[in-house]
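# Examining the three-dimensional arrangement
Each chain, letter by letter, is given below.
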Amino acid sequence: MTHDEDRLLRRAIELAATARTRGEAPFGSLLAGPEGEVLAESWNTVLGDDDITAHPELKLARWAARELDSGTAARTTLFTSCQPCGMCTGALARSGVGRVVFALSSEQLDGLRSSGTGFADVPQHGPALYAEARVPVEGYY
Ligand SMILES: [Zn+2]
């Protein structure tokens, strides 16, 4: 990583510390433009917002999709204190953000937890009712 990327990643870690001092889970992120300029910052607000989706990565993915054109979004980098979870990874893919740089890996995070290692997958059953379910979809894309 470059010196500038180190600086931006350290800022994401500072945002994680801010989240913790405010009683939230310790995760922070920022979105940087191609010249390393900070476009937006966020931290985890799951408790304060009473919203299980209020991860900083997801909030910044939504911000990028809403506020940036696709060409600009593609040149941004999300710097985040921890590797994005599955929910945020999906949102980032849809957002058009160009790249992610993270500090802690998911495995490293699990090693720092004293209880549990995240969430169990919800069982999914399907496919089913193809002939009916395809009707509203056909021709849309
Ligand atoms: Zn997440």
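Scroll up for the structure.
Conventions used here
Residues numbered from 1 in each chain as written. Predicted model: local features only at pLDDT ≥ 70, side-chain atom pairs only at ≥ 80, totals over all residues. Helix = DSSP H or I, 4+ residues; strand = E, 2+ residues; numbered from the N terminus. Contact = placed C-beta atoms within 7 Å. Pairing = 2+ DSSP bridges. Axes fitted to C-alpha atoms, helices over the stretch in contact; angles between N-to-C directions. Core = buried A, V, L, I, M, F, W, Y, C linked by C-beta atoms within 7 Å. Buried ≥ 20, exposed ≤ 12 C-beta atoms within 10 Å, placed from the backbone. Arc of directions from axis to C-beta. Expected span 1.5 Å × (residues − 1).

## Section: the overall build of the chain
Counting its secondary structure elements, the chain contains 7 helices and 4 strands. Listed by position from the N terminus, the elements making up the chain come as α-β-β-α-α-α-β-α-β-α-α. Seen along its three principal axes, the alpha-carbon backbone of the chain occupies a region of about 55 × 40 × 30 Å. Summarising the internal contacts of the chain: among those between residues at least 6 apart in sequence, 48% fall at separations of at least 24.

## Here we look at the sheet that holds strand E3 (residues 77-82)
The strand order E2-E1-E3-E4 describes an open sheet built from 4 strands, whose pairing is mixed. Two strands close off the open sheet at either side, each with one partner strand: strand E2 (38-43) and strand E4 (99-104). When the angles between neighbouring strand axes are averaged without regard to direction, this sheet yields 15°. The pairing of strand E1 (residues 28-32) with E3 spans 4 bridges and is antiparallel. In the sheet register, Leu31 faces E3, and the bridge partner there is Leu78.

## Considering the nonpolar core
The biggest cluster of nonpolar side chains holds 23 residues, and the ones touching the most others in it are Ala12, Leu30, Ala61 and Phe79. Among the secondary structure elements, those contributing two or more residues to this core are helix H1 (3-21), E1, helix H3 (56-67), E3 and helix H5 (86-95). Sequence-distant contacts of Ala61, that is, excluding residues within four places in its chain, are made with Cys88, Ala91, Leu92, Ser95 and Val97.

## Notes on H5
Residues separated by three or four positions in an α-helix point in the same direction, a consequence of the helix having 3.6 residues per turn. Listing the buried residues of H5 in full gives Cys88, Ala91, Leu92 and Ser95. Down the axis of H5, the buried set is contained in an arc of 100°. They therefore lie on one face. Those residues of H5 that are exposed and angled more than 90 degrees off the buried face are Gly86, Ala93 and Arg94. Buried positions along H5 lie against H3, helix H4 (70-74), E3 and E4.

## Points about unusual backbone geometry
The residue after Gly126, namely Pro127, is reached through a cis peptide bond having omega 0°. At Asp50, a position not held by glycine, the phi torsion is positive, near 50°. Within the secondary structure layout, Asp50 lies in the loop between helix H2 (46-49) and H3. Even without glycine at this site, Leu129 takes up a positive phi of about 55°.

## Thoughts on H1
The terminal C-alpha atoms of H1, which comprises 19 residues, lie 27 Å apart, in line with the 27 Å expected from a rise of 1.5 Å per residue. Regarding H1, the residues found buried are Leu8, Leu9, Ala12, Leu15, Ala16 and Ala19. Taken end-on, H1 shows its buried residues confined to a sector of 105°, consistent with a single buried face. Turned more than 90 degrees off the buried face of H1, the exposed positions are His3, Asp6 and Thr21. Tucked inside the fold, the buried residues of H1 contact E1, E2, E3 and E4. Gly23 occupies a position one or two residues after H1 and carries a positive phi of about 85°.

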